[in-house]
Amino acid sequence: MDAKRAHLTLAGPDAAAARGPYAPPGEHVARNPGLPLDLDLVLAQRVNRSAAERRAATIPTRRTVKKQWQAAWLLRAITMIDLTTLSGDDTAGNVQRLCAKAMRPLRPDLEAQLGVEGLHITTGAVCVYHQLVPIAVRALGDSGIPVAAVSTGFPAGLSPFATRVAEIRESVAAGAREIDIVITRGHVLRGDWEALYDEVRTFRDACGPAHMKAILGTGDLATLTNVARASMVAMMAGADFIKTSTGKTSLNATLGNNQVMLEAIRDFYLDTGVAIGMKPAGGIRTAKQALQFLIAVKETLGDAWLNNTRYRFGASALLNDLLRQIEKERTGAYQAPYYFSEAAESY
């Protein structure tokens, strides 16, 4: 390994020292231009599963949000949701209701009591299948909320390659400003990093001006080392975000795979100066879970990632639980789930 990559052999505090002082990125969020595939850097990624899982398991026990800051963190979490509906029975009406909730997640009286009327709180995006992109675009109007489209044969990602590329282009043409692509997990399981790089790079080019989130399908990748390596390849190929999972498998976002991906983002930023976003998706249904994920972000990447330009939750049921917790902060009592209008509950 050459001298430029010598620090990759280090572990612990010495690794950070070898890179020099950490300078967080600024507020401007530039696209990831990508860089040539560096197999030495990819293969240098190794994860000790037991150590990673032990660290993730300690987050809920050693870090909490103090009561006086709970409401602020819960409101921040709302702004970081990709409010999602990805069901086979999705209709135009479902999507229109979802968009209405994305634009006004808080009741006006609750906004007034919290003193946040002027913040115009919305969710980070609305995520739908390609067929429903035009409906979501019209429903959101000039709200500024982007429409994200799942693409490339979601969720399996095994459609013919030309079809997957065409699907991206059609979603962008229909008005999607963010594209959630699915990688071919087989490339990772075979260690064919060149094929994975070429695939993601082609998808990135097809996205044009739309931001691209690369869904790794962490539950299908067998090892956390594979998660780290796939994360690195996707970032090299130009992904603006890396995303844990489709939400359609038995194992989706966990604190463990989230932590591995956050550390890959940190290492990529320290090596290149390019700040990549992160999106855990699937299985995050409670405010308590969301705060644990945000604490991991703050610990690993710092405050510069605690916004919806660099961190998103792929979720739907999460929003109502955040609203219930905010209501509890105000009144001291939980409200029944049906007290709030429903978003899609399947993601």
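Residues numbered from 1 in each chain as written. Predicted model: local features only at pLDDT ≥ 70, side-chain atom pairs only at ≥ 80, totals over all residues. Heavy atoms only, no water.

A. Examining the nonpolar core more closely. Counting residues in hydrophobic clusters, the biggest one holds 98 residues, and the most contacted among them are Ile-78, Leu-106, Ile-179, Leu-294, Tyr-311 and Phe-313. By residue number, the principal contributor to this core is helix α11 (residues 224-236), which donates nine residues. Filtering out sequence-adjacent residues up to four positions away, Leu-106 remains in contact with Leu-75, Ile-78, Glu-111, Val-116, Ile-121, Leu-323 and Ile-326. Grouped together as the second largest cluster of nonpolar side chains are seven residues, Cys-127, Val-150, Phe-154 and Ile-215 included. (Core = buried A, V, L, I, M, F, W, Y, C linked by side-chain atoms within 4.5 Å. Buried < 20%, exposed > 50% of the residue type's maximum accessible area, 1.4 Å probe, protein only. Helix = DSSP H or I, 4+ residues; strand = E, 2+ residues; numbered from the N terminus. Contact = heavy atoms within 4.5 Å.)

B. Region of interest: unusual backbone geometry. Going from Phe-154 to Pro-155, the amide bond is cis rather than trans, its omega being 5°. Although it is not a glycine, His-120 adopts a positive phi angle of roughly 50°. Mapped onto the elements, His-120 comes out in the loop between α6 (108-114) and β2 (125-128). Among the residues examined, His-120 registers a relative accessible area of 63% and is labelled exposed.

C. Quick look at helix α13 (residues 287-300). When the terminal C-alpha atoms of α13 are compared, their 20 Å separation across 14 residues agrees well with the 20 Å that a helix rising 1.5 Å per residue should span. Most of α13 sits inside the fold, with ten of its 14 residues counted as buried. All of the buried residues along α13 are Ala-287, Ala-290, Leu-291, Gln-292, Phe-293, Leu-294, Ile-295, Ala-296, Val-297 and Thr-300. For α13, the elements touching its buried residues are α3 (49-62), α4 (67-79), α12 (255-272), β8 (313-315) and α14 (317-331). In the stretch just after α13, Gly-302 is the one whose phi turns positive, near 95°. (Expected span 1.5 Å × (residues − 1).)

D. Local environment of the sheet that holds strand β7 (residues 277-279). Across the sheet, which stays open at both edges, the eight strands sit in the order β7-β6-β5-β4-β3-β2-β1-β8 with parallel pairing between neighbours. Looking along the sheet, the strands with just one partner apiece sit at the ends: β7 and β8. Strand after strand, the sheet turns through a mean of 25° between neighbouring axes, direction not considered. (Pairing = 2+ DSSP bridges. Axes fitted to C-alpha atoms, helices over the stretch in contact; angles between N-to-C directions.)

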